[in-house]
Amino acid sequence: MKKLSYKGRSMVKTLRVGSGEQVSLATMSVYDKPRQRGEVVIKAVVMDGAFLDLSGIIKIKKEAHLAEAFLRQKVLLVGDKARAEAKPELEIETDEVKASHAASVGRISEEEIFYLMGRGFSREEAIELIIKAFLGEEDEN
Amino acid sequence: MSKFVSKKVEEASEVKKTLGEYKYGFAMPENNVYKAEKGLNEKVVEKISEIKDESEWMREFRKKSLEIFYKKEMPKWGADLSEINFDEIYYYVKPSNGQEKSWDDVPKEIKETYDRLGIPEAEKEHLGGIKAQYESEVVYGSLMERFKKQGIVFMGMDEALKEYPEMVKEHFGKLIPPSDNKFAALNSAVWSGGSFIYVPKGVKVDLPLQAYFRINSPKMGQFERTLIIVDEGAYVHYVEGCTAPIYSVDSLHSAVVEIYVKKGGRCRYTTIQNWSNNVYNLVTKRARVEEEGIMEWIDGNLGSKITMKYPAVVLAGRKAHGEVLSIAVAGKGQHQDAGGKCIHMAPETTSRIISKSISMRGGRSSYRGLINILPGAKNSRSKVVCDALILDKESRSDTYPVNKIGEKESILEHEATVSKIGEEQLFYLMSRGFSEEEAEAMIVNGFMEEIVKELPMEYSVELNRLIALQMEGSVG
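These figures come from a predicted structure and were not determined experimentally.

**Considerations on the packing of helix 2 (residues 42-52) of chain B against helix 3 (residues 56-71) of chain B**
Residues and elements named next belong to chain B.
In step 1: With their axes 10 Å apart at the nearest point, helix 2 and helix 3 run at an angle of 160° to one another. Viewed along their axes, helix 2 and helix 3 adopt a mutual orientation that is roughly antiparallel. Note on packing geometry: the crossing formed by helix 2 with helix 3 is right-handed. In contact with E42, V45, E46, I48, S49, E50 and K52 of helix 2, helix 3 contributes R59, R62, K63 and L66.

As structure tokens, then:
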């Protein structure tokens, strides 16, 4: 299994887990001083038979009051037998903080594919377009 | 406006009066018919079978479970359980001879205890049926006549083992086998009491069935075992409450609850756990839901020293739905490690977990949960929402969810937030004439409302009061 690890305050990471690949990605955001802010966004597409293991932890230590922390994990399962695990964790040891995370695992809806095919794309092209849009899109928040 | 405020203040002082301390913290003199020797060994387990005059399979089941208990390791995750000393616990205490049918026949001390807990009152309020468990045994039970006519069975687990041996044998320990975890093994070895419920096909029980569990002896272990079978198209709401006196030594409560919901059936299981804060509360609860069935766990954790409890729903049939609503309040010296699990095994299954936790006065509350969508569970959906409030600097809040998705034709959403009560919210309410304490209590009650509104009336009132009480002087 390929292992990727990131440690940092702010980042956006997109990845595509190719057919049959197994990838684990762990992020850790540690807040240990007052007024720190951080945001981590992971977007991943999982292809045929691939497996993605996402874990991400936000740790806010006692000293880190007024911290603002956010983690988002978005996964799109595209291929057959694609699998994913999302483990977003929080450990908060003080008050006066804002900390949140969100994880979603979804699929490409048939309506989206149908619409694009109606515009003259082949099924494969339609899927590829949707993936590109997903990985390239701006975060809603 | 001013009238409203003064009423509020009156209410608050009323709360202070009735709940000035842990109100269930009284102890009654011990007057037991039988108390097993301290500690756990094969003899104790055999003695329990002997007193209960159990059939051969149950004797074997207990012995095997004891072996498994010895072999299993303590969980390496979750709350700190290192201080539990299994040799210091009394595993079986029998407070009276047999189950009383009439309230008047219940021994005096036990009756006084339950009078103080308000049980006969609860019954007067036309509850469907009621069981009261004192130490290891069910001491009192009743079920409305009309329910009996409908074929509803609601009795102590020991009684059911004798009256419905086939049904019990078929389901007992099948959903949660002794090998599931160390505490399930322990319960399987020394279990006593608990409820057995069977609701026949198509029967809807329109009043909640209730059970109360009470530990009275120090160093007592309570290991009740509950089995609920909801047949096709049937419905039942089961409510349990738990209390204990405060002793200087710790007690252990380790229950196992198994629920079967057949096709199109629905079961709602409500727990308000308010153990005194020297009780280890380590409970395994699991439900299996068939096609189009619904299982709802409403799980309130207010008391205990340490709670580890994650009610689970196995969605085994198409279109089955599972729901876990969890409330945890962790105060001084408490660690609430609670959450929920939903396992999607069939297509078009849906689940929802909502967790609300409050940490204050140095308490720690953790959400721990699992969503597992297995391959083949096409078009399944799951949503998990965890909200946490931290009220002061000494407290801690954690979120440990695991989301496993093995089926691409499915959708999972998970979100969690941790925050403090906003200064603006407090300021607004205070400018309207509320004290800081009242304002905080109101905000916390609002935070919990989504779940509290699902509780039976008397419980939601109680819960609001308990929270108001716990909040007093907690402003950080």
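Next comes the rest of the description.
**Focus: the side chain of D231(B)**
All names here are of chain B.
In step 1: Structurally, D231 can be placed in the loop between strand 9 (225-230) and strand 10 (235-243).
In step 2: The charged side chain of D231 is buried without a salt bridge, its nearest counter-charge being K262 at 5.0 Å.
In step 3: Filtering out sequence-adjacent residues up to four positions away, D231 remains in contact with Y198, V199, P200, K201, K262 and G265.

**Description of empty space enclosed by the protein**
All names here are of chain B.
In step 1: Applying the stated criterion across every chain yields a total of 2 cavities of 30 Å³ or more.
In step 2: Its volume calculated, the largest cavity comes out at about 50 Å³.
In step 3: In terms of lining residues, the largest cavity is bounded by S326, A328, Q336, A338, G339, S355, S357, S365, S366, Y367 and D398.
In step 4: At the level of secondary structure, the elements contributing two or more residues to the lining of the largest cavity comprise strand 18 (321-330), strand 19 (335-344), strand 20 (350-359) and strand 21 (364-373).

**A few points about the domain arrangement of chain A**
Residues and elements named next belong to chain A.
In step 1: The domain boundaries assigned to chain A delineate domain 1 (2-107) and domain 2 (109-141).
In step 2: Centre-to-centre, using C-alpha coordinates, domain 1 lies 24 Å away from domain 2.
In step 3: Of the residues lining the interface, 16 residues belong to domain 1; the matching set on domain 2 comes to 11 residues.
In step 4: When domain 1 packs against domain 2, the two sides together hide about 1,100 Å² of surface, and 55% of this comes from carbon and sulfur.

**Quick look at the environment of G39(B)**
All names here are of chain B.
In step 1: Its place among the elements puts G39 in the loop between strand 1 (34-35) and helix 2.
In step 2: With 47 residues separating them along the chain, G39 and F86 place their C-alpha atoms 6.3 Å apart.
In step 3: Beyond its immediate stretch of four places on either side in the chain, G39 contacts V44, F86, D87, I89 and Y91.

**A word on the side chain of Q73(A)**
Residue and element names in this part refer to chain A.
In step 1: You can see Q73 is positioned in strand 6 (residues 68-77).
In step 2: When its relative accessible area of 1% is taken as the criterion, Q73 is described as buried.
In step 3: Beyond its immediate chain neighbours, meaning those up to four positions away, Q73 contacts I42, L54, S55, G56, A86, K87, P88, A102, A103 and S104.

**Quick word on the confidence of the model for chain B**
The predicted coordinates should not be examined in detail at positions where pLDDT is low.
Residue and element names in this part refer to chain B.
In step 1: Summarising the model, chain B shows a mean pLDDT of 84, and 82% of its residues fall at 70 or more.
In step 2: Taken together, the stretch residues 1-20 has pLDDT below 50 and engages in 20 contacts with residues farther than four places along the chain or on a different chain.
In step 3: Every residue in residues 123-127 is under pLDDT 50, and counting partners more than four places away or in other chains gives 11 contacts.
In step 4: Reported confidence for the predicted complex is 0.85 by ipTM and 0.87 by pTM.

**Some remarks on the packing of aromatic side chains**
In step 1: Applying the stated criterion to the full structure yields 14 aromatic pairs over all chains.
In step 2: Here the basic side chain of K356(B) rests over the ring of F447(B), its NZ or CZ set 5.1 Å away from the ring centre.

Scoring rules and cut-offs
Residues numbered from 1 in each chain as written. Chains lettered and ligands numbered in written order. Predicted model: local features only at pLDDT ≥ 70, side-chain atom pairs only at ≥ 80, totals over all residues. Heavy atoms only, no water. Axes fitted to C-alpha atoms, helices over the stretch in contact; angles between N-to-C directions. Helix = DSSP H or I, 4+ residues; strand = E, 2+ residues; numbered from the N terminus. Parallel < 35°, antiparallel > 145°, perpendicular 65-115°, else oblique. Left-handed = near helix turned anticlockwise from the far one by under 90°. Contact = heavy atoms within 4.5 Å. Buried < 20%, exposed > 50% of the residue type's maximum accessible area, 1.4 Å probe, protein only. Lys, Arg positive; Asp, Glu negative; His and termini not counted. Salt bridge = Lys/Arg side-chain N within 4 Å of Asp/Glu carboxyl O. 1 Å grid on protein atoms, 1.4 Å probe; cavity = no way out; pocket = protein on both sides within 12 Å on 5 of 7 lines; lining within 4 Å. Points joined across faces, edges and corners; volume = space filled by probe spheres on them. Domains from an automatic or database assignment. Buried area = accessible area lost by both parts, 1.4 Å probe. pLDDT = per-residue confidence, 0-100. Phe/Tyr/Trp six-rings, centres within 6.5 Å; stacked < 30°, edge-to-face > 60°. Lys NZ or Arg CZ within 6 Å of the ring centre and 35° of its normal.

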